[in-house]
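Structure at a glance
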Amino acid sequence: ADTARFYPNMNHQKTPKFLGGRKQFSAAEVSADRTICKLRYTCEVAFARVTRTKGLKDVIPDDFFPILDAMNDWGHASINIDAPLLPI
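Some points on the nonpolar core
Counting residues in hydrophobic clusters, the biggest one holds 5 residues: Ala46, Val50, Leu56, Met71 and Ile79. Looking at this core, the elements that each hand over two or more residues are α1 (27–50) and α2 (68–81).

Spelled out as structure tokens, the structure:
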């Protein structure tokens, strides 16, 4: 999916490959996907930790908008006080 136009810096979003009707991935695709999946795992876990903050999950109520930046900061800061995402 070409979603780069939606990001402020035009950063490309890396996603794992899809079979698209084939029976098997090529060795190069598996190797590339392994790296992408490791990065995506940490991103998904970090995002899940941010959305544990009540005001940042599901639908955000209108009355939370004035403190949305602070909630977002707290959600990201809380990642740093949790256990490491991957073993060091």
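What follows continues from the structure just given.
A short note on α1
Taking 1.5 Å of rise per residue, the 24 residues of α1 would be expected to cover 34 Å, and the 35 Å separating its terminal C-alpha atoms lies within 8% of that figure. For α1, every residue scored as buried is listed here: Glu29, Asp33, Ile36, Thr42, Val45, Ala46, Arg49 and Val50. Packing partners of the buried residues in α1 comprise α2.

A few points about a nonpolar patch on the surface
A surface patch of nonpolar side chains, about 200 Å² in accessible area, is lined by Leu19, Phe25 and Val30. Tracing the backbone through its elements, the reader meets phenylalanine 25 in the segment before α1. Overall, phenylalanine 25 belongs to the partly exposed group, its relative accessible area being 30%.

Some remarks on the pattern of salt bridges
Following the criterion strictly, the structure yields 1 salt bridge and no others. Taking the shortest distance from any N to any O, the salt bridge between glutamate 29 and arginine 22 comes out at 3.1 Å.

Looking at the packing of α1 against α2
Close contact between α1 and α2 brings their axes to 8 Å; oriented N to C, the two are set at 120°. Classified by the angle their axes make, α1 and α2 are oblique. Both α1 and α2 take part in a crossing whose hand is right-handed. For the pair α1 and α2, contact is made by Ala46, Arg49 and Val50 and by Gly75, His76, Ser78 and Ile79, respectively.

Some details on the side chain of glutamate 29
For glutamate 29, the position within the fold is in helix α1. Here serine 26 takes part through its backbone nitrogen, which lies 2.9 Å from a polar atom of the side chain of glutamate 29. If near-sequence neighbours (up to four positions away) are discounted, glutamate 29 is found in contact with Lys17 and Arg22.

The rules behind the values
Along every chain, residues carry numbers that run from 1 in the direction the sequence is written. For this predicted model, a pLDDT threshold of at least 70 governs which residues receive local features, and a threshold of 80 or more governs which side-chain atom pairs are given and counted, while totals over whole chains, interfaces and linings are taken from all residues. Side-chain numbers come from the whole structure's heavy atoms, not from hydrogens or water. Nine residue types can take part in a nonpolar core, namely buried Ala, Val, Leu, Ile, Met, Phe, Trp, Tyr and Cys, and a core is a set of them joined through side-chain atoms within 4.5 Å. Residue burial is assigned from relative accessible area. The probe radius is 1.4 Å, only protein chains are included, and a residue is buried under 20% of its type maximum, exposed over 50%, and partly exposed in between. Where helices and strands are cited, they refer to DSSP runs of H or I of at least four residues and of E of at least two residues respectively, numbered from the N terminus. Residue count minus one, scaled by 1.5 Å, sets the expected span of a helix. Contacts: residue pairs with any heavy atoms within 4.5 Å of one another. For patch detection, residues must exceed 30% relative accessible area and be free of salt bridges, and they are connected within 9 Å for like charges or within 5 Å for nonpolar side chains (Val, Leu, Ile, Met, Phe, Trp, Tyr). Surface exposure here means Shrake-Rupley accessible area, sampled with a 1.4 Å probe, where a residue is shielded only by the protein chains that are shown. A pairing counts as a salt bridge when a side-chain nitrogen of Lys or Arg comes within 4 Å of a carboxyl oxygen of Asp or Glu. Simply put, an axis is a line fit to the C-alpha atoms, just over the touching stretch for a helix, and the angle between two N-to-C directions goes from 0 to 180 degrees. Convention used here: angles under 35 degrees read as roughly parallel, angles over 145 as roughly antiparallel, angles from 65 to 115 as roughly perpendicular, and any remaining angle as oblique. Crossing handedness: left-handed means the near helix sits turned counterclockwise from the far one by under a right angle, and right-handed means the same turn made clockwise. Pairs of N or O atoms within 3.5 Å make up the polar contacts considered here, provided that, within protein, one atom can donate a hydrogen while the other can accept it, and that residues adjacent in sequence are counted only when both atoms are side-chain atoms.

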